[in-house]
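Chain residues, written in single-letter form:
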Amino acid sequence: MIKGLYEDPNLLQGTLRSTSKGMHPLLTTWSLAALFPYAAAATLQIELTLSNAIVSPDGFNRRAIVVNGETPGPLIAANKGDRLEIDVTNQLSDLATNTSTSVHWHGLYQRHSNAFDGTAFVTQCPIVSGALFPYQFDVPDQAGTFWYHSHFNLQYCDGLRGPIVIYDPLDPYRMMYDVDDVSTIITLLDWYHVNAYDVGLSDNPAGILINGMGRYPGGPNTTLSVTQVEQGKRYRIRLINMGCKPHIIFSIDNHKFTVIEADGQAVVPLSVDTIPIYVGQRYSFVLEANQPVDNYWIRAMPGSYSSNFTYGLNSAILRYAGAPEGEPMDRTWPSLNVLNETDLHACDNQVVPGLPYPGGVDVSINLVGSMNNVTHDFSTNGVKYTPPDTPTLLQILSGAGEIAALVGQGTVYTLPPNKVIEVSFPTEFLSTPHPFHLHGHSFYVVRNAGTTQYNYIDPVQRDTVNIGFLTDNVTIRFVTDNSGPWFLHCHIDWHLQRGMAVVFAENPNATAQADPVNDEWRALCAAYNRSLSGPKDS
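Reading guide: rules and limits
Residues numbered from 1 in each chain as written. Predicted model: local features only at pLDDT ≥ 70, side-chain atom pairs only at ≥ 80, totals over all residues. Heavy atoms only, no water. Helix = DSSP H or I, 4+ residues; strand = E, 2+ residues; numbered from the N terminus. Rg over C-alpha atoms; globule rule 2.2 N^0.38 Å. Buried < 20%, exposed > 50% of the residue type's maximum accessible area, 1.4 Å probe, protein only. Lys, Arg positive; Asp, Glu negative; His and termini not counted. Charge placed at Lys NZ, Arg CZ, Asp CG, Glu CD. Polar contact = N/O pair within 3.5 Å; in protein donor to acceptor, adjacent residues only side chain to side chain. pLDDT = per-residue confidence, 0-100. Contact = heavy atoms within 4.5 Å. Salt bridge = Lys/Arg side-chain N within 4 Å of Asp/Glu carboxyl O. Pairing = 2+ DSSP bridges. Axes fitted to C-alpha atoms, helices over the stretch in contact; angles between N-to-C directions. Core = buried A, V, L, I, M, F, W, Y, C linked by side-chain atoms within 4.5 Å. 1 Å grid on protein atoms, 1.4 Å probe; cavity = no way out; pocket = protein on both sides within 12 Å on 5 of 7 lines; lining within 4 Å. Points joined across faces, edges and corners; volume = space filled by probe spheres on them. Nonpolar A, V, L, I, M, F, W, Y, C, P; charged D, E, K, R; others polar.

Asks: So what exactly am I meant to see when it comes to the overall build of the protein here?
Replies: Along its length, the protein carries five helices and 35 strands. The C-alpha atoms of the protein give 22 Å as radius of gyration, which agrees with the globular expectation for 538 residues (24 Å, within 12%). Viewed in the frame of its principal axes, the protein has a C-alpha envelope of about 65 × 60 × 60 Å. Here the protein holds 538 residues, and 60% of them are scored as buried. Charge-centre separation for the protein: the mean point of 30 positive side chains lies 1 Å from the mean point of 50 negative side chains.

The following block contains the structure:
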């Protein structure tokens, strides 16, 4: 993680406190979950302060957003069953990256806490500069690898993002690895030398940052991220694509991986040597440090434009204990066993909901995406998503329980409770892949990109899927067991900004009872609306 070189004054450094229910206080450190894997459920009190700073992750100075003084932001770690109370203090002052904000907890279901999903104009109004907003939610039934990021305009592309790990004291794969801590998290992101609003349609990033560090063509020989390992040990690597545009082809010279998790869902262990990872996706894999003591290149090749690894571009270092502190030699390491999503299988033995044929569900929805070649706006079923002035959740709580009453007709779909939903993504009008993320749920991917076959027995479950392009018809299923409005959108942030999204208003008539809101939440819109009369923040 890169700290700001010139941070704004009055930055309040974030802290992590915790109190255990019925047990001794836990340590004030990220490692609390790893050190006390069998502790009782805890309430974790976390402080995140957002501010602007000059950062230089690849040797090029630019103004960005930092979380507790760094980007990516600090790890949030918890145990399955914990409660998270996260105070977000907004000290943003740079209008170029927006001064209002919201924070989304990507992949966490927010069951009975839809108001804290952090999605601007879907579940809340933005938090204005100078304000503190407390996000409060439980993680009763989830474990795995997640992340947090701004969900307001293009803000997370300018730095507001960080990792989340929810540890499972009863991890079924615990015996497969020896080390699983902050040192085994690898974050990937595309980094630009201009503000996100100034990135053109065809512009490529300066490079890929690994754990917030990297280089760019013609730039200085900056320090690269180093992941330390000890020969003979096994490491659970948690890989997160926090990027804004390209999918990334990930590999480590001379090492194979055993994939055990996709987007917070355990999968049948799968051996690969290369992992394509799309924006918003996460994987855990076991890395065996079984090679001679040396330095090895960690490689993150962007998959949507031509690039290379010259002079350490798109790279980091895997360093064995005892190896010299230097950069690795170039090795020939062909990709012979690339991860294919169709080879990922759920290991929970749950039956895919619905009947085993296309359309064998309660509600079927086709979402046909397309792009206007003149405006470059995106639409779904012919309608561009435009954020409403009043958040969808507030509309529902104000009595708009039916589709006709919800602002955004054509991009808001009401779903009945406790029904099996099937969503298909025909891509005949899309010429490039798009990663789609569904808030509030994981889903079964019964048809993957690149195949016409359906799997109703043991498909992978996840929350972010590549829908492919041209001839694909990726199909997902989920059950409407989580009341509230949930965003479904392309996670290429510029595509979302240009309208590639819909909202599923799930069981709106029961939302007020299932997802209560507090006074701090109710005050958000009034404060935001008052802020609009000042300097423009849009």
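What follows continues from the structure just given.
Asks: Is there a simple way to think about the environment of Asp190 in this case?
Replies: Topologically, Asp190 is positioned in strand β13 (residues 185-191). C-alpha separation for the pair Asp190 and Met242, spaced 52 residues apart in sequence, amounts to 8.1 Å. At a separation of 2.7 Å, a polar atom in the side chain of Asp190 contacts the side chain of Tyr192.

Asks: In this structure, what is going on with the confidence of the model for the protein? I would like to understand it.
Replies: Any region with low pLDDT has predicted coordinates that should not be read closely. Scored by pLDDT, the protein has a mean of 91; 90% of the residues are at 70 or more. This stretch, residues 1-37, has a pLDDT under 50; its non-local contacts, to residues over four places away or in other chains, come to 105 contacts.

Asks: Honestly, the pattern of salt bridges in this entry has me stumped. Any pointers?
Replies: Two side chains bearing opposite charge may form a pair once their charged atoms approach each other closely. Under the counting rule described, the total for this entry stands at 21 salt bridges. Here Asp178 makes a salt bridge to Arg234, at a shortest N to O gap of 3.0 Å. You can see Asp178 sitting in the loop between β12 (161-167) and β13 and its partner Arg234 sitting in strand β16 (residues 234-241), a full 56 residues away along the chain. Among the salt bridges present, the one from Arg331 reaches Asp294, with a minimum N-O distance of 2.8 Å. With Arg331 in the loop between β23 (315-320) and β24 (363-366) and Asp294 in the loop between β21 (282-288) and β22 (295-302), the pair connects residues that are 37 residues apart, well separated along the chain. Residue Asp294 is classed as partly exposed on the basis of its relative accessible area, which comes to 21%.

Asks: Just to check I follow, could you spell out the sheet that holds strand β9 (residues 103-106) for this structure?
Replies: Sheet strands pair via backbone hydrogen bonds, and the direction of the pair is either parallel or antiparallel. Across the sheet, which stays open at both edges, the four strands sit in the order β7-β12-β11-β9 with mixed pairing between neighbours. Where the open sheet ends on each side, the last strands, each with one partner, are β7 (76-79) and β9. The mean angle between the axes of side-by-side strands here comes to 20°, regardless of whether they run parallel or antiparallel.

Asks: Can you walk me through the sheet that holds strand β33 (residues 473-479) in this structure?
Replies: Read across the sheet, five strands follow the order β24-β28-β33-β30-β31 without closing on themselves; strand pairing throughout is mixed. Looking along the sheet, the strands with just one partner apiece sit at the ends: β24 and β31 (461-462). Here strand β30 (residues 443-447) runs beside β33; their pairing, made up of three bridges, is antiparallel. When the sheet's bridge partners are listed, Val445 is paired in β33 with Ile476.

Asks: What should I look at first to understand the nonpolar core in this one?
Replies: Nonpolar side chains in soluble globular proteins tend to end up buried together. By size, the foremost hydrophobic cluster in this structure holds 58 residues, and its most contacted members are Ile275 and Phe504. Setting aside residues up to four positions removed in sequence, Ile275 forms contacts with Leu239, Ile248, Ile249, Phe250, Phe257, Val259, Tyr283, Phe285 and Leu339. Of all hydrophobic cores here, the second largest spans 41 residues; its members include Phe116, Phe121, Phe137 and Ala143.

Asks: Could you clarify how one ought to interpret empty space enclosed by the protein in this entry?
Replies: Where empty space is left becomes clear once a probe the size of a water molecule has been rolled over the atoms. Under the counting rule described, the total for this entry stands at one cavity of 30 Å³ or more. The volume enclosed by the largest cavity comes to roughly 70 Å³. In terms of lining residues, the largest cavity is bounded by 13 residues, among which Leu367, Gly369, Thr380, Phe425 and Phe436 are the most central. Within the residue set of the lining of the largest cavity, elements represented by two or more residues are β28 (420-426) and β35 (501-506). Looking at the lining of the largest cavity, its residues break down into eleven nonpolar, two polar and no charged.

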